[in-house]
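Here is how the chains run, residue by residue.
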Amino acid sequence: GLILFGLSFLVSVPLPTLTSFIRKESLLKLKLMFTLTELLDRMMASYGRTILGALYWSLSERMEQLLRGKLWHVGTAVVYIMFHSLFKLLHLSVLQVAVTSKNS
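Quick caveat, the model's predicted, so the values are computed rather than measured. (Residues numbered from 1 in each chain as written. Predicted model: local features only at pLDDT ≥ 70, side-chain atom pairs only at ≥ 80, totals over all residues. Heavy atoms only, no water.)

*Asks:* Even after reading the chapter, I still don't get the confidence of the model for the chain, so can you show me in this structure?
*Replies:* Detailed reading of the predicted coordinates is not advisable wherever pLDDT is low. A residue-level look at the chain finds 91% of positions with pLDDT of 70 or above and a mean pLDDT of 80. Within the chain, the lowest mean pLDDT, 74, falls on helix α1 (residues 2-11), and the highest, 86, falls on helix α3 (residues 27-60). (pLDDT = per-residue confidence, 0-100. Helix = DSSP H or I, 4+ residues; strand = E, 2+ residues; numbered from the N terminus.)

Put into structure tokens, the structure is as follows:
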């Protein structure tokens, strides 16, 4: 369910606009953007392990537990998946533009 939500979020991102925005940057800025997005991806993956682990723990508890806490964990996981998928898309777009760039 969470993966489908993340996928439906990514479908709404205008890729040609994102790619044309990145393509206008110089090669040095592309290297910097690539490094920053790679760092953000690693940081988001670290947070994601914690968030999804907490979600798994929350959903494996008994049903008598507070529903509000479970909804909080699900909401946090949805927001995490949206941001991480957006950073991953930006990371891949920067890589694609850097590879196809004509600047040396």
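*Asks:* Looking at this structure, I do not really get the nonpolar core. What am I missing?
*Replies:* A general tendency of soluble globular proteins is for nonpolar side chains to be buried together. Val13, Leu18, Ile22, Leu30, Leu89, Val94 and Val97 together form the largest nonpolar core, which totals seven residues. Counting only elements with at least two residues in this core, the list comes to α2 (15-23) and α4 (67-100). Of all the elements, α4 adds the most residues to this core, at three residues. If we skip the residues at most four places from it in the chain, valine 94 touches Ile22, Leu30, Met33 and Phe34. (Core = buried A, V, L, I, M, F, W, Y, C linked by side-chain atoms within 4.5 Å. Buried < 20%, exposed > 50% of the residue type's maximum accessible area, 1.4 Å probe, protein only. Contact = heavy atoms within 4.5 Å.)

*Asks:* Is there a simple way to explain the pattern of salt bridges in this structure?
*Replies:* Should the charged atoms of two oppositely charged side chains come close, the side chains can pair. All chains considered together, the criterion is met by two salt bridges. Residues aspartate 41 and lysine 88 are paired through a salt bridge, measuring 2.9 Å at the closest nitrogen-oxygen approach. Taken together, the positions of aspartate 41 in helix α3 and lysine 88 in helix α4 put the pair 47 residues apart, joining distant regions of the chain. (Salt bridge = Lys/Arg side-chain N within 4 Å of Asp/Glu carboxyl O.)

*Asks:* Explanation requested: α3 in the structure shown.
*Replies:* Since the α-helix turns once every 3.6 residues, residues separated by three or four places project in the same direction. Between its first and last C-alpha atoms α3 spans 48 Å; for 34 residues at 1.5 Å apiece the expected length is 50 Å, and the two agree. Among the residues of α3, Leu30, Thr37, Asp41, Met44, Gly48, Leu55 and Ser58 are the ones counted as buried. (Expected span 1.5 Å × (residues − 1).)

*Asks:* It is not clear to me how the environment of leucine 10 should be interpreted in this structure. Could you clarify?
*Replies:* For leucine 10, the location among the structural elements is in helix α1. Separated by 41 residues in the primary sequence, leucine 10 and isoleucine 51 have C-alpha atoms spaced 20 Å apart.

*Asks:* I tried to follow a nonpolar patch on the surface on my own but got confused; where do I start?
*Replies:* A cluster of nonpolar side chains, Leu4, Leu7 and Val11, forms an exposed patch at the surface whose accessible area comes to about 340 Å². Its place among the elements puts leucine 7 in helix α1. (Patch = residues over 30% accessible without salt bridge, like charges linked within 9 Å, V, L, I, M, F, W, Y side chains within 5 Å. Areas by Shrake-Rupley, 256 points an atom, 1.4 Å probe, with all protein chains shown as cover.)

*Asks:* Is there a simple way to think about the side chain of aspartate 41 in this case?
*Replies:* The class for aspartate 41 is buried, based on a relative accessible area of 13%. A polar side-chain atom of aspartate 41 sits 2.6 Å from a polar atom in the side chain of histidine 84. At 2.9 Å, the side chain of aspartate 41 and the side chain of lysine 88 are in polar contact. Among all residues touching aspartate 41, those that are not within four sequence positions of it are His84 and Lys88. (Polar contact = N/O pair within 3.5 Å; in protein donor to acceptor, adjacent residues only side chain to side chain.)

*Asks:* Where do I start with the side chain of serine 85 in this structure?
*Replies:* Structurally, serine 85 can be placed in helix α4. Residue classification places serine 85 among the buried positions, given a relative accessible area of 14%. Here isoleucine 81 takes part through its backbone oxygen, which lies 2.8 Å from a polar atom of the side chain of serine 85. One polar contact links the side chain of serine 85 to the main-chain carbonyl oxygen of methionine 82, over a distance of 3.0 Å. Apart from residues lying up to four places away in sequence, serine 85 is in contact with Gly6, Phe9 and Leu10.

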